[in-house]
Number of protein chains: 2
Amino acid sequence: MPNPPPAWVQALSPAEPQGTTLLEQERAKSKVNVDKLGELLHTKEALDQRDRILAVLMSEKVFDKSQNHTLGRTEKIQVALARGKRLQQLKKVHNWTDEDVYVADQLIGEPNPYGLHASMFLVTLREQGTPEQQKLFYERALKYEIIGCYAQTELGHGSNVPSKWWIGSLGRTANHAVVMAQLLIAGKNYGPHPFVVQIRDGETHQPLENVYVGDIGPKFGYNTMDNGFLLFNHVKIPHVNMLARFAQVDQASNKYLRPASPSLVYGTMTWVRANIVLQAGGVLARGVTIATRYCAIRRQFQDRDAEPGAGENPVLNYKMVQIRLLPLLAAMYALHFTGRGMMRLYQENQERMKAASGADQEKRGAGPEQLRAGSDLLADLHATSCGLKALASTTAGEGLEVCRRACGGHGYSNYSGIGPWYSDYLPTLTWEGDNYMLTQQVARYLLKSARAVLAGKGAQNDTSRILQAYLARRDKGASFDILENDGDIVDAFAWRTAHLTFEVLKYRDVEKRSWNSLLVNFWRLSTAHSQYMVVKNFYEAVTSPELTSTLDGETAGLLRKLFRLYALHTLEREASEFFSSSAVTVRQIGLTQASAVMKLLDEIRPHAVRLVDAWKIPDWQMDSSLGRYDGDVYPDLFRRASQENPVNDLVFDPYPWNDNVLKNTPLKSKL
Amino acid sequence: MPNPPPAWVQALSPAEPQGTTLLEQERAKSKVNVDKLGELLHTKEALDQRDRILAVLMSEKVFDKSQNHTLGRTEKIQVALARGKRLQQLKKVHNWTDEDVYVADQLIGEPNPYGLHASMFLVTLREQGTPEQQKLFYERALKYEIIGCYAQTELGHGSNVPSKWWIGSLGRTANHAVVMAQLLIAGKNYGPHPFVVQIRDGETHQPLENVYVGDIGPKFGYNTMDNGFLLFNHVKIPHVNMLARFAQVDQASNKYLRPASPSLVYGTMTWVRANIVLQAGGVLARGVTIATRYCAIRRQFQDRDAEPGAGENPVLNYKMVQIRLLPLLAAMYALHFTGRGMMRLYQENQERMKAASGADQEKRGAGPEQLRAGSDLLADLHATSCGLKALASTTAGEGLEVCRRACGGHGYSNYSGIGPWYSDYLPTLTWEGDNYMLTQQVARYLLKSARAVLAGKGAQNDTSRILQAYLARRDKGASFDILENDGDIVDAFAWRTAHLTFEVLKYRDVEKRSWNSLLVNFWRLSTAHSQYMVVKNFYEAVTSPELTSTLDGETAGLLRKLFRLYALHTLEREASEFFSSSAVTVRQIGLTQASAVMKLLDEIRPHAVRLVDAWKIPDWQMDSSLGRYDGDVYPDLFRRASQENPVNDLVFDPYPWNDNVLKNTPLKSKL
């Protein structure tokens, strides 16, 4: 590493006021109970668990983050594998649970080559393997005796080979794969089924014969993961390698035996999406924490109306910064509570379904009514989870870039901690259902619900309820008091969704418009519905006894204001839909914009730093000079640039007529 | 590089239809005259010049792009310097002009460590140096005997040292800097002035004594540039090193002599911004070209209303893809023509100002009227260029990310050619005036213009004209026929801008609201005004005799449709402002959304590929598997992943209990 700064640099004393002082002042301005709020968000147990694991990671050199952004691709992935290995070793040493390892992964904050082994490979073997197969594959995989991945996505149409592509952990790491492949029996195609295929030698780690496998190359992010490609040339596998819990081929008769209970998969997808919604809050929180703290420190210009000599203003005082950051601060809370609401609903429902099905049903005496209510709820949850996954991950992904820009020039430095985090997060907008594609599923469900409601056969769930409420009140009009009554805000969002649903239903069923011509309407409809869901969940959370009894009045009141800010700011941005659906009047929109939102910004501003503090994201996890808890921003930027930056080891030969790039060193052969 | 695919892989034949076939079919569907349109956009001379230079670059190994995205930071910057050196050598060999080198830089497509030497350092020495100083510095810099940079930006308030930060070409390359520093004479501060300071030894390239200088570390993009930091400890420089063309200190008397003609600087900033607007079209075109071609090849799902067995649809046929891509296709044309319009206005005006000033004035008999008209135009151009810079660079930056996502999963691969291009472009949204900060300048100018118009003292420029037109018609109302009359669309945009201007003027002057409370309104106002300018410039271009006489009717007609799509899609997105300003009716907005925009998408769709072809971006420049002119997408992705990806040289030891990351190779010492 480069030569340390000379003595005269080290002797320079910081200019006042320093970031540390400014953040202290910020924290003194507010009484938000950071600890209580943090425990409400994460639970005390989870925070303690995290601190315990954090201490272990910070003491291990391999997890040092200082070179993460300077390494090339081949170095990055080697470091990531070394970290993955160490994590497994630590798991053994400290007797960590799988959840402990998950927490460690979150703290390390980068994808790991073992990632798909530890998730999809293990889960698939466990869920879709017979007991015999679990013994054969799952138990060995658990012990990392075999390392696997889950190969489903293909390269694309018109590719010169039908190859698997994008498969995480496949490129260099895995020696086995669960391959989703067409099952053909005597020429008949039974569709995709999961097969366990060994792809590399257990000793040499070289690809087996007739297997062509490799890493797919550099990506916008996720470069610590070896996403791979895979081709087979008439590879044979034993009969036992087709995972047979839900579908099998009888070895004697060569007959296909039907899958059981596919609804379980349906449930898993819902769970995965609910998880994405919950995580989206945390993902965004990292960017908002960094940007909020730094904008409280970064000062630029005097307020134009200020007295001369007033000094420069922290940029967080500017309304143009507030309008970008504070609604995102509200959104991170909104998404967190929405994700938690979905998880709770999902778990309750799983319990109920279990209780109501099979042997249990008779035992507990659950009737068809209960079964129907359960399945109505599950259908609702499944459909709404699609739209919420899209809205939440888009909000988080795009929000991180807003946070980066709000940090001004320094946001562009990777020492800001935002850019690489954003790059690694972006796949979430595409996987588990592309965010645009998913909106069709939501719209299809809403149209189906609307048809049922019109036919008097509405389901026992919230979607049918809001459609029915709209129909009952449509002729009288809405007249919601969005500026005075928080419950009315939720109702206005529901009204707009219902209005759009029936409008689109008319286009499709009465005017017989083509599906394709309505895709844009479907997307708008899904977005409207998902925004309603977030507003509703957020409102329920901030008015819940759990929250109001745990927090002091001031803190609880601020969360209520965050709810209002999220909702009214969303309403303002989508003004024309709210207006054209008559959910609100033009005058209400004008007032929302000109006064209500501005007033909320004023009221929330003094508490912004404490409201991000409450998320309790450790400095080590954020790895950000700008977002440091202590506000020591500029000295940290300076320290990293001068002490941790290997570019400063290079001595250029700057003259174009000398071919050498470095003084006395020819350009490395590989370049 | 990795082992080539085995014979059985090489023997696989591509599945039909291949991308090549699909793009041929696309091109056969349209008669857009690609060559004529390309020449109209770029001129035949420029295209020929580019091809000539491209041939040279492609034959030089150092410009090979295949490893650009796999290298680490220290390797990246060395390769970039080697390229910069080779470019200077080629310049000599081929007798290239500065413009030729600029074209080569565009084709190479990455920032270069010589970048700030070749731009700001040279320009500043030339523009701000006396003849003596030009001889001393500029002429040697031209010959790369001294290598420089331009040091203005500082680290920030509360930094522990008042350091320069972010200075391009400073970190490792420059041995001189133009430093903007406070001029103090006998304790009195005369503000920032430019000083030439030597910072590194001409032989050893080591920093001089009392200079601390280095690279600031890894960034979200721009990692081929050595943005640097710089600190001085009582460094002394000769009197001649203060650039003295516009301000000097008399050596004998120690007296400060006043700057001359600062309006020249004012002009340069306008020119730089107009250039950003023009380039934004080209920047966006690269993403749109890639996404449009690939979306014509990538097929997913059957159309839901299609007959069974109809085959999968290219995703470009889906309205949800069209609504994202085609307005960006329109925007790239809109920005290009707007930038060109601004450049023309700027150049005409410079000529006029020169003619009207000094000796020339008497000669040509230009009176005060002409002078006033010239300065009114320049003021208008300066203010509007601020807003347009913000709108154009935001449109291009955010548009690239829309293009990346429209490519689905493969958009995330760096072989898509979009991600790194986007990362490198993002600083444009922050430099030359942060895009949010700039909007205040536009608003201030519009308010000033409105006050003048109200006082009957409107200027002779377009801004005063639209404000006056609004006042004259305000009471009668607007009644623009946006669905039938293209000129009325432009007027509707003007009306909305004028309406917002007078509304904000009332808030400020009558209601005396604080400047800070109006920042969000200013941003909206500036955006509205800039959108008006783009719509106006685009309209003038597509109706200009130059365009209509050059192009055949079908091609010209399509550009007219692109104008309508850009304008109406913008109007639809900003519907609530258009409605609340009474520029259009709610019914018109409904019709725009439900039919006009959808119809335009249908009409433009068959020509999309040819409309991007006309931009004539060479494959080598785009460096994209997805955007290849010939459509050979998947074989190219496969080739790069299997043949150009050094990660495939690594043989992992996958077991966590073995510390070695690679088979038989300990983890490299540096990791």
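See the structure printed just above.
Residues numbered from 1 in each chain as written. Chains lettered and ligands numbered in written order. Predicted model: local features only at pLDDT ≥ 70, side-chain atom pairs only at ≥ 80, totals over all residues. Heavy atoms only, no water.

(A) Region of interest: helix α14 (residues 438–454) of chain A. All names here are of chain A. Counted at 1.5 Å a residue, the expected span for α14 with its 17 residues is 24 Å, and the 25 Å between its end C-alpha atoms agrees. Taken together, the buried positions of α14 are Leu438, Thr439, Gln440, Val442, Ala443, Tyr445, Leu446, Leu447, Ser449, Ala450 and Val453. Just downstream of α14, Gly456 is the residue with a positive phi angle, here 75 degrees. (Helix = DSSP H or I, 4+ residues; strand = E, 2+ residues; numbered from the N terminus. Expected span 1.5 Å × (residues − 1). Buried < 20%, exposed > 50% of the residue type's maximum accessible area, 1.4 Å probe, protein only.)

(B) How the structure looks around the relation of the copies chain B and chain A. By a simple turn and slide, chain B fits onto chain A: the slide is 0.0 Å along the axis, the RMSD is 0.0 Å, and the turn is 180 degrees. The superposition operator between the copies reduces to a two-fold rotation axis. Among all residues of chain B, the one whose C-alpha sits closest to the rotation axis is B:Gly72, at a distance of 1.7 Å. By residue overlap, the copies meet face to face through one surface: 100% of the interface positions of chain B are interface positions in chain A. (Least-squares fit on C-alpha atoms with pLDDT ≥ 70 in both. Contact = heavy atoms within 4.5 Å.)

(C) Fine view of the pattern of salt bridges. Applying the stated criterion to the full structure yields 76 salt bridges over all chains. The salt bridge involving B:Arg404 is made with B:Glu401; its shortest N-O contact spans 2.8 Å. Note that B:Arg404 and B:Glu401 are positioned in helix α12 (residues 368–406) at a spacing of 3 residues, about one turn of the helix. Across this residue pair, the class does not change: B:Arg404 and B:Glu401 are buried. One salt bridge in this structure joins B:Glu603 and B:Lys599, with 3.4 Å as the shortest N-O distance. Pair noted here: B:Glu603 and B:Lys599 are both in helix α21 (residues 586–604), with a separation of 4 residues, about one helical turn. Salt bridges linked by common partners bring A:Asp623, A:Arg628, A:Asp630, A:Asp636, A:Arg639, A:Arg640 and A:Glu644 together as one network. (Salt bridge = Lys/Arg side-chain N within 4 Å of Asp/Glu carboxyl O.)

(D) Representation of the packing of aromatic side chains. Going through the model one piece at a time under the given rule, you end up with 48 aromatic pairs over all chains. Look at B:Tyr333 and B:Trp615: their rings are 5.7 Å apart centre to centre, the planes differ by 80 degrees, and that puts the pair in the edge-to-face class. Of the two residues, B:Tyr333 sits in helix α10 (residues 319–356) while B:Trp615 sits in the loop between α22 (608–613) and α23 (619–622), which places them 282 residues apart along the sequence. Since its relative accessible area comes to 0%, B:Tyr333 is described here as buried. The exposure class assigned to B:Trp615 is buried, which follows from its relative accessible area of 4%. By way of ring pairs, the aromatic residues A:Trp166, A:Phe220, A:Tyr412, A:Tyr422, B:Trp166, B:Phe220, B:Tyr412 and B:Tyr422 are connected into one cluster. Cation over ring: A:Arg474 sits above A:Phe502, and NZ or CZ is 5.9 Å from the ring centre. (Phe/Tyr/Trp six-rings, centres within 6.5 Å; stacked < 30°, edge-to-face > 60°. Lys NZ or Arg CZ within 6 Å of the ring centre and 35° of its normal.)

(E) Expanded view of the sheet that holds strand β3 (residues 176–185) of chain A. Residues and elements named next belong to chain A. Here we have 3 strands laid out as an open sheet, ordered β1-β3-β4, and mixed in their pairing. Every other strand in the sheet has two partners, leaving β1 (148–151) and β4 (188–198) as the edge strands with one partner each. The sheet shows a mean angle of 30 degrees between the axes of neighbouring strands, direction not considered. Examined bridge by bridge, β1 and β3 share 4 bridges and lie parallel to one another. Directly across from Ala151, in β3, lies its bridge partner Val179. Contacts from helix α7 (residues 115–128) reach β1, β3 and β4, with the element oriented near 75 degrees to β1. (Pairing = 2+ DSSP bridges. Axes fitted to C-alpha atoms, helices over the stretch in contact; angles between N-to-C directions.)

(F) Representation of the pairing of strand β6 (residues 228–232) of chain B in the model. Residue and element names in this part refer to chain B. Burial of β6 is extensive: 4 of the 5 residues sit out of reach of the surface. Across 2 bridges, the pairing between strand β2 (residues 164–167) and β6 is antiparallel. Looking at the pairing, Ile167 lines up with Gly228 of β6.

(G) Local environment of the pairing of strand β5 (residues 211–215) of chain B. Residues and elements named next belong to chain B. For β5, the buried fraction is high: 5 of the 5 residues fall into the buried class. Where β5 meets β6, 5 bridges bridge the pair, whose relative direction is antiparallel. Paired with Val211 across the bridge in β6 is Phe232.

(H) Structural detail: the interface of chain B and chain A. Contacts between the two partners involve 148 residues from chain B, matched on the other side by 148 residues from chain A. For the chain B and chain A pair, buried surface summed over both sides reaches about 13400 Å², with 62% attributable to carbon and sulfur atoms. Remark: the boundary between chain B and chain A carries 6 salt bridges. Two residues, A:Lys85 and B:Asp653, come together in a salt bridge whose shortest N-O distance is 3.9 Å. If you look at where chain B meets chain A, you find 56 residue pairs in polar contact (both at pLDDT 80 or more). No other element matches helix α5 (residues 73–94) of chain B, which puts 12 residues into the side of chain B that touches chain A. In terms of residue class, the side of chain B that touches chain A is made up of 69 nonpolar, 48 polar and 31 charged. (Buried area = accessible area lost by both parts, 1.4 Å probe. Polar contact = N/O pair within 3.5 Å; in protein donor to acceptor, adjacent residues only side chain to side chain. Nonpolar A, V, L, I, M, F, W, Y, C, P; charged D, E, K, R; others polar.)

Geometry only, nothing functional implied.
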